[in-house]
Amino acid sequence: MKMKKNVMFALLFTWVGFSAGAQKLDESKVPATVKTSFAKKYPGQKATRWENENGQFEAGFKQGGKAMSALFTADGTMTESEVDIKVSELPAPVLAYVKAHYKGSVIKEGAKITKTDGTVNYEAEVNKTDVIFDANGKFLKEAKD
């Protein structure tokens, strides 16, 4: 009976892992081109986690005491970086939008996303949904976690 229970828990955790938007990856499954590109872009940094995010490879790491991530295509091209920021550091229009459109909800996390072309977006996590804004705080889209 105990064995069946353990197998059921293992299946449940596997299902939960695959149902999430990003899937954790063993570093051995990350292409060498991606790891090389990460090492060149962030010398001396070690990725503490790798995930597959919609066919791209996301390296999670800490830099300057802040949680960060960088997203790469399979050929090693970096597409964006993301740094966690305090909710209070989100632009005022982001805070106002969330207050008006997600009444009674709290922003769990904030992030600043910088695309390789220099475009900046902000992300506010509200009710397990990533709400994305442009650099001026104008709403762009929602993305479920």
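Higher on the page you've got the structure.
Below or above, wherever it landed, is the structure these notes cover. Numbering of residues begins from 1 in every chain and follows the order in which that chain's sequence is written. In keeping with the predicted nature of the model, local features appear solely for residues at pLDDT of at least 70, side-chain atom pairs appear and are counted solely at 80 or more, and the whole-chain, interface and lining totals rest on all residues. Each side-chain value is derived from all of the structure's non-hydrogen atoms; neither hydrogens nor water enter the calculation.

1. Here's the deal with the overall build of the protein
Moving on, step 1. Check the secondary structure of the protein and you find 3 helices and 9 strands.
Moving on, step 2. Secondary structure elements of the protein, listed N to C terminal, follow the sequence α-β-α-β-β-β-β-α-β-β-β-β.
Moving on, step 3. Evaluated residue by residue, the protein yields a buried proportion of 33% over its 145 residues.
Moving on, step 4. In short, Shrake-Rupley with a 1.4 Å probe defines the accessible areas, and a residue's cover is counted only from the protein chains shown. Just so you have it, the protein exposes about 9,400 Å², and 57% of that area is on carbon and sulfur atoms. Starting at the N terminus, helices and strands are each numbered in turn, a helix being any DSSP run of H or I of at least four residues and a strand any DSSP run of E of at least two. With a 1.4 Å probe rolled over the protein chains alone, any residue whose accessible area is under 20% of its type maximum counts as buried; one over 50% counts as exposed, and the rest are partly exposed.

2. Describing the environment of N54
Moving on, step 1. Checked against the element boundaries, N54 lands in the loop between β2 (49-53) and β3 (56-63).
Moving on, step 2. Once the C-alpha coordinates of N54 and T73 are considered, the two residues, 19 residues apart in sequence, prove to be 10.0 Å apart.

3. Examining the side chain of D134
Moving on, step 1. For D134, the location among the structural elements is in strand β8 (residues 129-134).
Moving on, step 2. In this tally, Lys and Arg are treated as positive and Asp and Glu as negative; His is ignored, and so are the chain termini. Within this document, salt bridges are pairs made up of a side-chain nitrogen of Lys or Arg and a carboxyl oxygen of Asp or Glu, the two lying within 4 Å of each other. One buried charged side chain, D134, makes no salt bridge at all; its nearest oppositely charged neighbour is K138, positioned 5.5 Å away.

4. Observations regarding the side chain of E51
Moving on, step 1. Checked against the element boundaries, E51 lands in strand β2.
Moving on, step 2. Here E51 falls in the buried class, since its relative accessible area comes to 12%.
Moving on, step 3. Sequence-distant contacts of E51, that is, excluding residues within four places in its chain, are made with A22, Q23, K24, L25, Q56, F57 and E58. Should any heavy atoms of two residues lie within 4.5 Å, those residues are considered in contact.

5. Thoughts on the nonpolar core
Moving on, step 1. We call a set of buried residues a nonpolar core when its members are Ala, Val, Leu, Ile, Met, Phe, Trp, Tyr or Cys and they connect through side-chain atoms within 4.5 Å of each other. Ranked by size, the top nonpolar core spans 26 residues in total, and within it F38, W50 and A124 carry the most contacts.
Moving on, step 2. Broken down by secondary-structure element, the contributors of at least two residues to this core are α2 (32-41), β3, β4 (66-72), β5 (78-85), α3 (92-101), β7 (120-126) and β8.
Moving on, step 3. If one sorts the elements of this core by residue count, β7 sits on top with 4 residues.
Moving on, step 4. With residues near it in sequence (within four places) discarded, F38 still touches Q45, K46, A47, W50, A59, F61 and F72.

6. Looking at the packing of aromatic side chains
Moving on, step 1. Side-chain rings of Phe, Tyr and Trp, where Trp is taken by its six-membered ring, are said to pair if the distance between their centres is within 6.5 Å; with planes under 30 degrees apart they count as stacked, over 60 as edge-to-face, and otherwise as tilted. The final tally for this structure, using the stated rule, is 8 aromatic pairs.
Moving on, step 2. Here F38 and Y42 contribute two aromatic rings whose centre-to-centre distance is 5.6 Å and whose plane-to-plane angle is 35°, an arrangement assigned as tilted.
Moving on, step 3. Relative to W50, the ring of F38 lies with its centre 5.8 Å away and its plane at 75°, an arrangement referred to as edge-to-face. Note that F38 is positioned in helix α2 and W50 in strand β2, a separation of 12 residues in sequence. Taken individually, F38 and W50 each receive the classification buried, so the pair is uniform in this respect.
Moving on, step 4. Members of the aromatic cluster, joined through ring pairs, are F38, Y42, W50, F61 and F72.

7. Details of the sheet that holds strand β1 (residues 22-25)
Moving on, step 1. At least two DSSP bridges between two strands are required for those strands to pair. Read across the open sheet, the 9 strands follow the order β1-β2-β3-β4-β5-β6-β7-β8-β9; overall the sheet is antiparallel. In this open sheet, the two edge strands, each paired with only one partner strand, are β1 and β9 (139-144). Taken pair by pair, the neighbouring strands of this sheet meet at an average axis angle of 25°, ignoring direction.
Moving on, step 2. As paired elements, β7 and β8 share 6 bridges and run antiparallel to each other. Across the sheet, the residue bridging to Y122 is F133, located in β8.
Moving on, step 3. Fitted lines through C-alpha atoms give the axes, limited to the stretch in contact for helices. The angle between two N-to-C directions lies from 0 to 180 degrees. Sheet strands touched by α3: β6 (107-115), β7, β8 and β9. Its angle to β7, the strand with the most contacts, is close to 35°.

Coordinates in, geometry out; function isn't part of it.
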